[in-house]
Amino acid sequence: MKKVVLLACTATFAQVEGLSVGINANYGYSSDYRSPGFGVKFQWEFVENFRAELSGNYYVSQKVKEDGIRMKGQNVWDANLNFHYLFPIGELRIYPMVGVTYMSVNLTDDLKELARILEVDTRSGKVGFNAGGGIEFPLGDDFKLNVEAKYQWRKDADWFVLGVGCSYLF
């Protein structure tokens, strides 16, 4: 029985397109915040056309006041585990995405002091969900470029993220 399982696993890995490591430039926004950011990602296509992605992103957030004036207010980081199903269309691959996120908001010192005075809880790390999609383009044999859009939901916050990335294929 062990040989059958080993053979099945070997056959599955033979279909794998591979691993990739990449970087992203992101822009997250909601009604209250606008946040440019950057991140890293690791992707593993473990079954043909089905891929897992681990990623981490850092955003420099700015609070948008009602009068349109921007004020630096907090930094946001997230860690994500997303799953993509890849639809090949010629050399392009389009993918829907679902996953989980852990997002944390780090307040600046001025906002921490204001929160302390107002007795507001500043602990902000929470688990949420991701949903979205993207498209990737090959850049030769070793690189690919992707454009992605996703929505991140948390209990007390949600926002839309647009990203552009480049990955190296192993």
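All of the points below concern the structure found in this document. (Residues numbered from 1 in each chain as written. Predicted model: local features only at pLDDT ≥ 70, side-chain atom pairs only at ≥ 80, totals over all residues. Heavy atoms only, no water.)

With that settled, the discussion passes to the overall build of the protein. Helix and strand counts for the protein stand at two helices and nine strands. In the protein, the order of α-helices and β-strands from amino to carboxyl end is α-β-β-β-β-β-β-α-β-β-β. Only carbon and sulfur atoms are counted for the fraction: they give 66% of the accessible area of the protein, which is about 10,300 Å². (Helix = DSSP H or I, 4+ residues; strand = E, 2+ residues; numbered from the N terminus. Areas by Shrake-Rupley, 256 points an atom, 1.4 Å probe, with all protein chains shown as cover.)

Turning our eyes to something else, we now look at the pattern of salt bridges. Scanning all chains against the criterion turns up four salt bridges. A salt bridge links Arg51 to Glu136; the shortest N-O distance between them is 3.0 Å. Taken together, the positions of Arg51 in strand E3 (residues 50–64) and Glu136 in strand E7 (residues 126–139) put the pair 85 residues apart, joining distant regions of the chain. By relative accessible area, Glu136 is classed as buried at 4%. (Salt bridge = Lys/Arg side-chain N within 4 Å of Asp/Glu carboxyl O. Buried < 20%, exposed > 50% of the residue type's maximum accessible area, 1.4 Å probe, protein only.)

The biggest cluster of nonpolar side chains holds six residues, and these are Tyr59, Val76, Met103, Val105, Trp159 and Val161. Of all the secondary structure elements, the ones that give two or more residues to this core are strand E6 (92–107) and strand E9 (158–169). Excluding its chain neighbours within four sequence positions, the residues that come into contact with Trp159 are Gly28, Tyr29, Ser30, Ser35, Tyr59, Val76, Met103, Lys150, Tyr151 and Gln152. (Core = buried A, V, L, I, M, F, W, Y, C linked by side-chain atoms within 4.5 Å. Contact = heavy atoms within 4.5 Å.)

Right, let's get into the packing of aromatic side chains. Applying the stated criterion to the full structure yields 13 aromatic pairs. Ring geometry for Phe50 and Phe83: centres 6.0 Å apart, planes at 15 degrees, overall stacked. Of this pair, Phe50 sits in strand E3 while Phe83 sits in strand E4 (residues 70–85); the two residues are 33 residues apart in sequence, bridging distant segments of the chain. For Phe50, a relative accessible area of 29% gives the class partly exposed. These aromatic residues form a ring-pair network of at least three members: Tyr27, Tyr29, Tyr151, Trp153 and Phe160. The ring of Tyr95 carries Arg51 above its face, with NZ or CZ at 5.1 Å from the centroid. (Phe/Tyr/Trp six-rings, centres within 6.5 Å; stacked < 30°, edge-to-face > 60°. Lys NZ or Arg CZ within 6 Å of the ring centre and 35° of its normal.)

So far we have only geometry, and geometry alone does not tell us how the molecule works.
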